[in-house]
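Coordinate inspection notes
If you want the building blocks of each chain, they are given just below.
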Amino acid sequence: MTGRDSANELVELQRELIIVLQGVPAEHCVTRLPLQDHLEMDIKFLGVSYNATKDTFSIQTHATETVKQLTKRQLLGEVASVYDPCG
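All residue numbers refer to position in the chain's written sequence, counted from 1. With the structure being a predicted model, the display of local features is reserved for residues of pLDDT at least 70 and the display and counting of side-chain atom pairs for 80 or more, all residues being used for whole-chain, interface and lining totals. Note that water and hydrogens are dropped before the side-chain values are worked out from all heavy atoms of the structure.

Things to note about the overall build of the protein chain
Along the backbone of the protein chain there are three helices and three strands. Only DSSP runs of H or I reaching four residues or more are called helices, and only runs of E reaching two or more are called strands; each is numbered from the N terminus. Listed N to C, the secondary structure of the protein chain is α-α-β-β-β-α in terms of helices and strands. Relative accessible area decides the class of each residue, using a 1.4 Å probe on protein chains only: under 20% of the type maximum gives buried, over 50% gives exposed, and in between gives partly exposed. A buried classification covers 6% of the 87 residues belonging to the protein chain. Of the contacts formed within the protein chain by residues at least 6 apart in sequence, a portion of 14% connects residues at least 24 apart. All accessibility values rest on the Shrake-Rupley procedure with a 1.4 Å probe; residue burial counts only the protein chains present in the view. Carbon and sulfur atoms make up 58% of the accessible area of the protein chain, which amounts to about 8400 Å² in all. Residue contacts follow a heavy-atom distance rule, with two residues in contact if any of their heavy atoms lie within 4.5 Å.

Structural data, given as structure tokens:
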């Protein structure tokens, strides 16, 4: 499905969609969505989780060994691992 270039084309698309959707059986239609349940879910993208209810971001990290002197390379490696889908 794509957009349209003019208002008339949009109106025609709306009419077509109404006709198609009228053919969907009533038992397959949802009249009320449980939106509250979806607010409790965390949305995860690129290793960062967002909780819409609490309006917070969070990340999960793995425990690393303690080093006496942390280098820039090690620090950047740890930060980059948050966004690495392979871990």
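Moving on, there is more to tell.
Description of the confidence of the model for the protein chain
Across the protein chain, pLDDT averages 77, with 77% of residues at or above 70. By definition, pLDDT measures how confident the predictor is in each residue, and it falls between 0 and 100. When pLDDT is averaged over each helix and strand of the protein chain, the minimum, 57, is found for helix α2 (residues 35-39) and the maximum, 88, for helix α1 (residues 7-22).

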